[in-house]
Amino acid sequence: MSGYGAASALVDGPSGRRLGLETATALTPTGLVERPVFFTGFPARPEVFAAGLLAVADVAATTYADFGQAKRIANLDPVVTASGDRLRFESFSGCNSVHARLDLLPDGLGEGEVGFGTTNVDINQPLRTALARMGGTALLHLTVGPDEVRASTPDDHHVQRKVALPDRWVRGLAEVPYVSAAMTVRAELTGAAIARLARDLPRAGSPGPTVHVVPAAGGLRVLPRALPGSIELPGATRLRGMDRVLRFATSLNLHADPHGATAWVFELPGARLTLVLTAHPFRGFSGEGGLLLRLVDRDSETSGRALLADLGWDPVVDPDRLATASALTDDEVASGLTWLAASGRLGHDLAEAAWFHRELPVDAEQVIRRNPRLRHAQELAATHGVRPAGPGEWLVRGTGTEHTVRGASGTAPTCTCPWADSHASGRGPCKHVLAVLLTADS
């Protein structure tokens, strides 16, 4: 319960059940607020909300691979974003290879008013047990935050920030939107087809076997080997995070990117659960690296910073409104939004194909400063570790050797280092390529 004034709890009362979710210090439109109230009211479908929140908490408490790392960062509290008309709860698995987000949508909130901001929310074990017993006939009063609000400003340096997101979560929350934005819909399921998929997927093992799913009449077929048009799903038990909400799911959309990451979007009454899986269970989102090219693009950064004042806290970011307000071109707005996502300030909603504002309750510049690959590239560039070797070719200092980076005009640079040879496909550029880009842009 570190960082919270009290524990979240679900209690019985004379007028029904009351669920109080405790918040930590948050970033809001008015600055830093300690233990803010983001919502108080009656969810329209309390049993759906309880199942969805448990699904997010289940992912946060589960590890599918990388057990040593998971022990160090397990049982982290979900992040909640209030966007004025909806609440979004997010978490990562202990191994960082699964991202879960529950969107409690306007028609699922019932009576109540939603605030604005982002923070952690306490989901403790006694609360999980109580939520698991939630019935469909229960009347639930939900409060996200305590009864009192104490505000402070960003200039007040005496405020103790109580949120302690690990680097892997910070980088993952920046990487997932970038990965999601590159996805396309590959299959749509409704009704009984969702239950059949769940029945056919493996349940044993962690992270489970690799299977392949292929669109077929009436849903998705689960196969042990690839067929033309099939989608690979390594570590198939990572998708079991869906189990809590299966009985409520009215539709399921499967999205995939060119590098093997997948997203599974479950539509629920008044809510939506999205599970995003890395291309491999032993690869966490924090190491994907697709955002790095944006973080070294000075023009993208300039456009992104110019958009900050006009970004607002709307539930869906409107690029046309931003272009008008900022006087930037459509291309500059698109580039700037991608940089903002890469720096952790935006999430991406696959169902609405749109960005949403999510200010992490940490120093946003951490996303840039503490990215290991980018930090090492900056050190190489600053210590003259890059030197030209001919047209479109550079030599970059390595460990006891030099690596060659090549890139003709208009093409992505390539590197001869072992990391690029083994990992570069779908995981962004190596530090040597980034160092060349930083040097060329200086």
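Model, not experiment: these values are computed from the prediction. (Residues numbered from 1 in each chain as written. Predicted model: local features only at pLDDT ≥ 70, side-chain atom pairs only at ≥ 80, totals over all residues. Heavy atoms only, no water.)

Quick look at helix 8 (residues 298-311) now. For helix 8, which comprises 14 residues, the first-to-last C-alpha distance of 19 Å matches the rise-based estimate of 20 Å (1.5 Å per residue) to within 8%. Along helix 8, the positions that sit buried rather than exposed are S300, S303, G304, L307 and L311. Once helix 8 ends, the next one or two residues include G312, with phi positive near 65°. (Helix = DSSP H or I, 4+ residues; strand = E, 2+ residues; numbered from the N terminus. Expected span 1.5 Å × (residues − 1). Buried < 20%, exposed > 50% of the residue type's maximum accessible area, 1.4 Å probe, protein only.)

Of note, T278 is situated in the loop between strand 19 (271-277) and helix 7 (292-295). Residues contacting T278, with those up to four places away along its chain left out, are N96, S97, R238, G260, A261, R283, G284 and F285. (Contact = heavy atoms within 4.5 Å.)

Its place among the elements puts A309 in helix 8. In sequence terms A309 and L322 are 13 residues apart; their C-alpha atoms lie 9.8 Å from each other.

The next subject is the pattern of salt bridges. Taken as a whole, this structure holds 19 salt bridges when the rule is applied. The residue E352 makes a salt bridge to R86 at a minimum N-O spacing of 2.8 Å. Of this pair, E352 sits in the loop between strand 20 (346-349) and strand 21 (354-357) while R86 sits in the loop between strand 6 (79-83) and strand 7 (87-92); the two residues are 266 residues apart in sequence, bridging distant segments of the chain. Owing to a relative accessible area of 32%, E352 belongs among the partly exposed residues under this scheme. (Salt bridge = Lys/Arg side-chain N within 4 Å of Asp/Glu carboxyl O.)

With respect to burial, strand 8 (residues 98-104) is a largely interior element, seven of its seven residues being buried. Burial along strand 8 is two-sided: the residues V98, A100, L102 and L104 and H99, R101 and D103 are all buried. With six bridges connecting them, strand 7 and strand 8 associate as antiparallel partners. Note on strand 8: the bridge partner recorded for L87 is L104. Connecting strand 7 to the next strand, strand 8, in antiparallel fashion are five residues, including N96 with a positive phi near 70°. Here strand 8 runs beside strand 19; their pairing, made up of seven bridges, is antiparallel. Looking at strand 19, one finds that D103 is bridged to R272. (Pairing = 2+ DSSP bridges.)

With that settled, consider the sheet that holds strand 25 (residues 414-415). Spatially, the four strands line up as an open sheet ordered 22-23-24-25, and their pairing is antiparallel. With partners counted over all chains shown, the strands left at the sheet margins are strand 22 (386-390) and strand 25, one partner each. Pairing of strand 23 (residues 393-397) with strand 24 (residues 402-406) involves five bridges; the strand directions are antiparallel. When the sheet's bridge partners are listed, E393 is paired in strand 24 with R406.

Counting residues in hydrophobic clusters, the biggest one holds 61 residues, and the most contacted among them are L87, W264, F266, L268, L273 and L275. Not counting the four nearest positions on each side in its chain, L273 is found in contact with A55, V56, R101, L102, G241, M242, V245, W264, V265, F266 and L268. Core analysis: the next-biggest nonpolar cluster, separate from the first, contains 32 residues, L322, A323, V333 and C417 among them. (Core = buried A, V, L, I, M, F, W, Y, C linked by side-chain atoms within 4.5 Å.)

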